[in-house]
Protein chains: 2
Amino acid sequence: MRSSNLYAVILAGGSGTRFWPVSRKSNPKQFLNITGKGTLFQETVARIRPEIAGSHIFIITNAAYHNTVRRQVARFKIPKANILLEPEAKNTAPAICWAAAVIQKTDPGAVMAVLPSDHIILEQKKFLKVLKEAVRLAREDYLVTLGITPSRPDTGYGYLKTARKRVNGKQIIRVEKFTEKPAISKAKQFLKTKKYFWNSGMFVWKSSVILEEFARHLPKVYGLVGKKTGMAYIRRVWRLVPRISIDYGILEKSKNVVAVAAPGIGWSDLGSWESLMEVLSKDKRGNILKGDIVAVNCRNTLVWGEKKVIAPVGLNDMVIIDTPDALLVCPKDRSQDVRDVVDVLIKKKRREV
Amino acid sequence: MRSSNLYAVILAGGSGTRFWPVSRKSNPKQFLNITGKGTLFQETVARIRPEIAGSHIFIITNAAYHNTVRRQVARFKIPKANILLEPEAKNTAPAICWAAAVIQKTDPGAVMAVLPSDHIILEQKKFLKVLKEAVRLAREDYLVTLGITPSRPDTGYGYLKTARKRVNGKQIIRVEKFTEKPAISKAKQFLKTKKYFWNSGMFVWKSSVILEEFARHLPKVYGLVGKKTGMAYIRRVWRLVPRISIDYGILEKSKNVVAVAAPGIGWSDLGSWESLMEVLSKDKRGNILKGDIVAVNCRNTLVWGEKKVIAPVGLNDMVIIDTPDALLVCPKDRSQDVRDVVDVLIKKKRREV
């Protein structure tokens, strides 16, 4: 696969706080070392590094995270110029359009893999195999999404409705519809039909093909950041760019989207502490105890500590996250409500956000 | 009541860790400011101060807590000589015998109130009224215990079995039996008969009377610390003194014990975080939130924090106690299991004990 016209665009501008209190606006999820091997962002770069040279890896992030990104990619030999700095967050479509334009300029035949940097993928080899298949399809001018086979009716993910078709004697999985976070009844139905994938947010396409799609479906974005790409220019026009996601702006409209199934890659978008628990290894009581923990009669409980001794006693299905200036305690299945806490802290203009 | 021969002996030598992680061996429960008004020990002194002059208040504590005690009683004008320092913990009987001997020497007609300093009593006026009644009975040579009317079949308390008798035309409540922490079935039975009180550990008697009881029931203790009382002497003989409680050593054996009912004094021995919750005031959802707390959908939950922001989310009947070097999280009804944590920490020789 190590082909000279394969590029990666790593999206590292998110400012999510769903991992509060560990993640903060100033230090969002992608910059956290959750697995112990490196930050999620570093892991994302390391994962593709065997197949894509540093010079072909682009990173697009918020200007606020420039130093963090520089520090974290130091060991990967990525040229400074490959770090694209958004003056402000505009969701994924403008970022991808700008990156596509930059790549298109240096390599008109480029294939680019768009990769979020705040997800976890445990199985690198399987992932690279799936990526290879996606690149093959992208070379045939498809917009390729990596689809995750759902293992449960999760209401926290977006779903891809697909249909298997034969094209030129080969089977492809055409994406017919995008569904954002469904109700539980719908999610259960999706699971039954076996036609649905989770939308992983990972995409592969030719830069030329996606730019054509931008020109067609998001002409305003294309007009502003699909041709001229210089930093000084971008700084000037970025505020005029509409805020829109690639899913909503392009993929839901295009007739050209296919999926590649990505079985067994150990993917999670880490949308909550609960989803993290699914991918980390547990002790025989189902606990994940990180730090200096004295647990008594606990089961299926995540305790994430730093320096102090933490004593969880008689807990089931709980999440305890302790940091130097903030502590979260909640039942596992309520870990999505962390956003309520963050909302309160934002309202109170608290520095712990 | 401010009678010249009434004395108080405040027991301040306990080293319990049932309030871990807030209480420690080096800073046990009685020295904690739980109510916000002062430490439990200070509150104990302040509570009797309107009726008993500083010069009549004796404090018996472990030598290890000397500085803490000195600091905490500074404002009460208690003579240095009234602070009796046990070289090591020997349970309550030897401490009380020594204190009685000290008081007996200065005032042969003394009545002494023995008061634990790690309990809470919310209603000072009612308490002082009960104390007055107890003093009256003590003057008639009874050993008087303050009995708490049980409000539930608690298995964490000792119980007094009583019988109402008429003596010289007056009704007294004679204590017939002491029962240490009963099984739940027994406790329920006790509650039904209405003959039982909780043993508050507060006693009133003449120093001369209790010394006679020591001479009869605990001659070894009496022989060692019931007559000679000097500090140098005590330091020499204390290690020979048996380790025994006043309940077990004297009160269970004496035929001379009566109870005074202490209704509505708002007493708790604070034997666990759960029992603390019963006496502190709650918000309308039943929560007690001390510190910088952002609670979302919590009920009947105690959160005890210091500096950092704590976010309890979706919790019911939980206890969260956060200190700079240790954090406890447990269901309210498991708060007695804190001792298991402390045991582990002791085994590991951890400084957090």
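As the structure is a computational prediction, the values presented were derived from the model and not from experiment.

Engineer: I keep staring at the interface of chain B and chain A and nothing clicks. Help me out?
Structural biologist: Often the size quoted for an interface is simply the accessible area lost on bringing the parts together. The interface is formed by 28 residues belonging to chain B together with 28 residues belonging to chain A. Where the side of chain B that touches chain A is concerned, the elements lending two or more residues are β13 (302-312), β14 (318-322), β15 (326-331) and α11 (338-347) of chain B. Bridging between strand β15 (residues 326-331) of chain A and β13 of chain B involves 4 bridges; their strand directions are parallel. Counted as the bridge partner of Val329 of chain A is Pro312 of chain B from β13 of chain B.

Engineer: Would you mind showing me how to read the environment of Lys177 of chain B here?
Structural biologist: Examined against the element boundaries, Lys177 of chain B turns out to sit in strand β8 (residues 170-179). Linking Lys177 of chain B and Leu115 of chain B, residues 62 residues apart in sequence, is a C-alpha distance of 21 Å.

Engineer: Before we go on, may I ask you to explain the domain arrangement of chain A in this structure?
Structural biologist: Residues and elements named next belong to chain A. Structurally, chain A comprises domain 1 (6-268) and domain 2 (273-347). Computed over C-alpha atoms only, the centres of domain 1 and domain 2 are separated by 29 Å. The interface of domain 1 with domain 2 comprises 11 residues on the first partner and 15 residues on the second.

Engineer: Help me understand the relation of the copies chain B and chain A in this model?
Structural biologist: Copy one and copy two of the chain differ by a rotation about an axis and a translation along that axis. Taken as rigid bodies, chain B and chain A are interconverted by a rotation of 179 degrees and an axial shift of 0.1 Å, the fit giving an RMSD of 0.1 Å. Expressed as a symmetry operation, the mapping of one chain copy onto the other fits a two-fold axis. Distance from the rotation axis, computed per C-alpha, reaches its smallest value in chain B at Val329 of chain B: 4.1 Å. A high fraction, 100%, of the interface residues of chain B reappear at the interface in chain A, so the copies pair face to face through one surface.

Engineer: I'm lost on the packing of helix α3 (residues 92-106) of chain A against helix α6 (residues 207-217) of chain A in this one. Help?
Structural biologist: For any two helices packed against each other, one specifies the inter-axial angle together with the distance between the axes. Residue and element names in this part refer to chain A. Between α3 and α6, the shortest axis-to-axis distance is 9 Å and the interhelical angle comes to 135 degrees. Taken together, the axes of α3 and α6 lie oblique to each other. The two elements α3 and α6 meet at a crossing, and its hand is left-handed. Where α3 abuts α6, its residues Ile96, Cys97, Ala100, Ala101, Ile103 and Gln104 lie against Ser207, Ser208, Ile210, Leu211 and Phe214. Looking at side-chain class alone, the contact of α3 with α6 contains 8 nonpolar, 3 polar and no charged residues.

Engineer: Would you take a moment to explain helix α4 (residues 124-138) of chain A for this structure?
Structural biologist: For an α-helix, the turn length of 3.6 residues means that residues three or four places apart are oriented alike. All names here are of chain A. In a regular helix each residue adds 1.5 Å, so 15 residues correspond to 21 Å; α4 covers 20 Å between its end C-alpha atoms and thus fits that length. Turning to α4, its buried residues are Phe127, Val130, Leu131, Ala134, Val135, Leu137 and Ala138. The buried residues of α4 occupy an angular sector of 155 degrees when the element is viewed end-on, so they sit on one face.

Engineer: What is the right way to read the environment of Ala46 of chain A from this model?
Structural biologist: By the element assignment, Ala46 of chain A lies in helix α1 (residues 40-48). In this structure, the C-alpha to C-alpha distance between Ala46 of chain A and Arg75 of chain A, residues 29 residues apart in sequence, is 9.8 Å.

Engineer: Whenever I open this one, the confidence of the model for chain A confuses me. Can you help?
Structural biologist: Any segment with low pLDDT has predicted coordinates that should not be analysed in fine detail. When the pLDDT values of chain A are averaged, the result is 93; 99% of them are 70 or greater. What the predictor reports for the complex is a pTM of 0.80 with an ipTM of 0.80.

Engineer: When you look at the pairing of strand β6 (residues 143-148) of chain A in this model, what are you seeing that I'm missing?
Structural biologist: It is a general feature of regular strands that their side chains alternate between the two faces of the sheet. Residue and element names in this part refer to chain A. Across the 6 residues that make up β6, a large majority, 6, are buried. The alternating pattern of β6 places Leu143, Thr145 and Gly147 on one face and Val144, Leu146 and Ile148 on the opposite face, and all of these are buried. In this structure, β6 lies alongside strand β10 (residues 257-261), joined through 5 bridges in parallel fashion. From the neighbouring strand, Leu143 faces β10, where its bridge partner is Val257. In terms of strand pairing, β6 meets strand β9 (residues 196-206) through 4 bridges, oriented antiparallel. The residue of β9 that forms the bridge with Ile148 is Trp198.

Engineer: Mind showing me how you'd approach the environment of Ile310 of chain B here?
Structural biologist: Topologically, Ile310 of chain B is positioned in strand β13. Through-space distance from the C-alpha of Ile310 of chain B to that of Ala295 of chain B is 7.8 Å; in sequence the pair is 15 residues apart. Each residue touching Ile310 of chain B, except ones within four places of it in the same chain, is listed here: Leu327 of chain A together with Gly291, Asp292, Ile293, Val303, Gly305, Ile320 and Asp322 of chain B.

Engineer: Got a minute to help me understand unusual backbone geometry in this structure?
Structural biologist: Trans is the common state for peptide bonds, and a negative phi is the common state for residues other than glycine. All names here are of chain A. In this chain, Trp20 is followed by Pro21 through a cis amide linkage whose omega measures 5 degrees. For Pro21, the location among the structural elements is in the loop between β1 (6-11) and α1. We note that Asp141 has phi near 75 degrees; this positive angle belongs to a residue other than glycine. Note that Asp141 resides in the loop between α4 and β6. Even without glycine at this site, Asn300 takes up a positive phi of about 50 degrees. Within the secondary structure, Asn300 is located in the loop between β12 (288-293) and β13 (302-312).

What counts, and where the lines are drawn
Residues numbered from 1 in each chain as written. Chains lettered and ligands numbered in written order. Predicted model: local features only at pLDDT ≥ 70, side-chain atom pairs only at ≥ 80, totals over all residues. Contact = placed C-beta atoms within 7 Å. Helix = DSSP H or I, 4+ residues; strand = E, 2+ residues; numbered from the N terminus. Pairing = 2+ DSSP bridges. Domains from an automatic or database assignment. Least-squares fit on C-alpha atoms with pLDDT ≥ 70 in both. Axes fitted to C-alpha atoms, helices over the stretch in contact; angles between N-to-C directions. Parallel < 35°, antiparallel > 145°, perpendicular 65-115°, else oblique. Left-handed = near helix turned anticlockwise from the far one by under 90°. Nonpolar A, V, L, I, M, F, W, Y, C, P; charged D, E, K, R; others polar. Expected span 1.5 Å × (residues − 1). Buried ≥ 20, exposed ≤ 12 C-beta atoms within 10 Å, placed from the backbone. Arc of directions from axis to C-beta. pLDDT = per-residue confidence, 0-100.

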